[in-house]
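# Working through the structure, step by step
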Amino acid sequence: MASGARIVLPAEPLSDGATVLRPWRESDIPRLVAICRDEEIMRWTRVPTAYGITAARAWVDESRALVQDGISAPFAIISSTDHELLGSISLVRFTWEHARGEVGYLLAREARGLGHATRALRLICAWGFASLGLERIELLAATGNGASQRVAERAGFTREAVLRSYHMLHEAPFDMVAFGLLPGDVESAGGRSGTGVRADSIGSSADA
């Protein structure tokens, strides 16, 4: 896919048991506000304090333009049982000439520990490889965010390096653990389940 080409999200939601990925809707806004007021999400991401309706509506509106402009592929993470919004996950920072992208997500506090993060990662990465022609997907987790690092490994990512002072967060530099996933890694990760929150894609559009 060429730089700036339009991304086409799947016509049907991506599903893996209890976890579903679908495009954002206006009806998600109130629940998104509640999710993003979690202190842990604010700790590991650039989600602002006092996150409100205006910011959530801007994110939902922007998500459509990001898809059309070929900048991002954002999905809402949904429970398949009660259809409740659980979080946000996106493929971002595409380098089309190298068939490379990055994945970022955040997950509601009450949804953690149930395998949703791992399943959502597997779903979006498998779709990115198959539908967008990506050959590499990267994931960055703060060195202090052990839960996110474990989720990355359960989803098949390989820990590759520690990037010192890589992101500025709360006006301080953060060291980040860099993970990489290749198409052949997806199937080898099958059958493993994971837990935790990946609220570490600092500065990406996946941060709602």
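Remember, predicted model here, so these are calculated numbers, not experimental data. (Residues numbered from 1 in each chain as written. Predicted model: local features only at pLDDT ≥ 70, side-chain atom pairs only at ≥ 80, totals over all residues. Heavy atoms only, no water.)

Mapping Arg159 onto the fold places it in strand 7 (residues 158-169). Arg159 has contacts with Gln149, Glu153, Val177, Ala178 and Phe179, leaving out every residue within four places of it along the chain. A distance of 3.0 Å separates a polar atom in the side chain of Arg159 from a polar atom in the side chain of Gln149. (Helix = DSSP H or I, 4+ residues; strand = E, 2+ residues; numbered from the N terminus. Contact = heavy atoms within 4.5 Å. Polar contact = N/O pair within 3.5 Å; in protein donor to acceptor, adjacent residues only side chain to side chain.)

Attention now moves to the side chain of Arg22. Here Arg22 shows up in strand 2 (residues 19-22). Of the polar contacts made by the side chain of Arg22, one reaches the side chain of Asp28; its length is 2.8 Å. Those residues within four positions of Arg22 in sequence are excluded, and the remaining contacts are Pro13, Asp28, Phe75, Ala76 and Ile78.

Read across the sheet, 8 strands follow the order 1-2-3-4-5-6-8-7 without closing on themselves; strand pairing throughout is mixed. Each edge of the sheet is formed by a strand with only one pairing partner; in this case those strands are strand 1 (14-16) and strand 7. With direction set aside, neighbouring strand axes in the sheet form an average angle of 25°. Inspection of the sheet shows strand 3 (residues 73-79) paired to strand 4 (residues 85-95) by 6 bridges, in the antiparallel sense. The residue bridging Ala73 from the neighbouring strand is Leu91, located in strand 4. Seen against the sheet, helix 1 (residues 29-36) touches strand 4 and strand 5 (100-107) and runs at an angle of roughly 85° to strand 4. On top of the sheet, helix 4 (residues 116-132) reaches strand 1, strand 2, strand 3, strand 4, strand 5, strand 6 (136-142) and strand 8 (172-181); it is set at about 35° to strand 4, its chief contact. (Pairing = 2+ DSSP bridges. Axes fitted to C-alpha atoms, helices over the stretch in contact; angles between N-to-C directions.)

Below, the discussion takes up the pairing of strand 6. Summarising burial for strand 6: 5 of the 7 residues are buried, a large majority. Sheet topology note: the strand 5/strand 6 ladder contains 3 bridges and is parallel. Looking at strand 6, one finds that Gly101 is bridged to Ile137. Crossover handedness for the path strand 5 to helix 4 to strand 6: right-handed. Where strand 6 lies against strand 8, 6 bridges are found, and the strand directions are antiparallel. For Ile137, the partnering residue across the bridge sits in strand 8 and is Leu181. (Buried < 20%, exposed > 50% of the residue type's maximum accessible area, 1.4 Å probe, protein only. Right-handed = clockwise from strand over helix to strand, strands pointing away.)

On to the pairing of strand 3. Counting buried positions along strand 3 yields 7 of 7 residues, so the element is predominantly enclosed. Burial along strand 3 is two-sided: the residues Ala73, Phe75, Ile77 and Ser79 and Pro74, Ala76 and Ile78 are all buried. Counting the residues that bridge the hairpin from strand 3 to strand 4 gives 5 residues, and of these His83 lies at a positive phi of roughly 65°.

Another aspect to go through is the pattern of salt bridges. Oppositely charged side chains can form a pair if their charged atoms are brought close together. Applying the stated criterion across every chain yields a total of 12 salt bridges. Note that Arg93 and Glu102 form a salt bridge whose closest N and O atoms lie 2.9 Å from each other. Overall, Arg93 belongs to the partly exposed group, its relative accessible area being 37%. Arg136 is the partner of Glu138 in a salt bridge, and the nearest nitrogen-oxygen pair spans 2.9 Å. One continuous salt-bridge network, built from bridges that share partners, spans Arg100, Arg136, Glu138 and Glu160. (Salt bridge = Lys/Arg side-chain N within 4 Å of Asp/Glu carboxyl O.)

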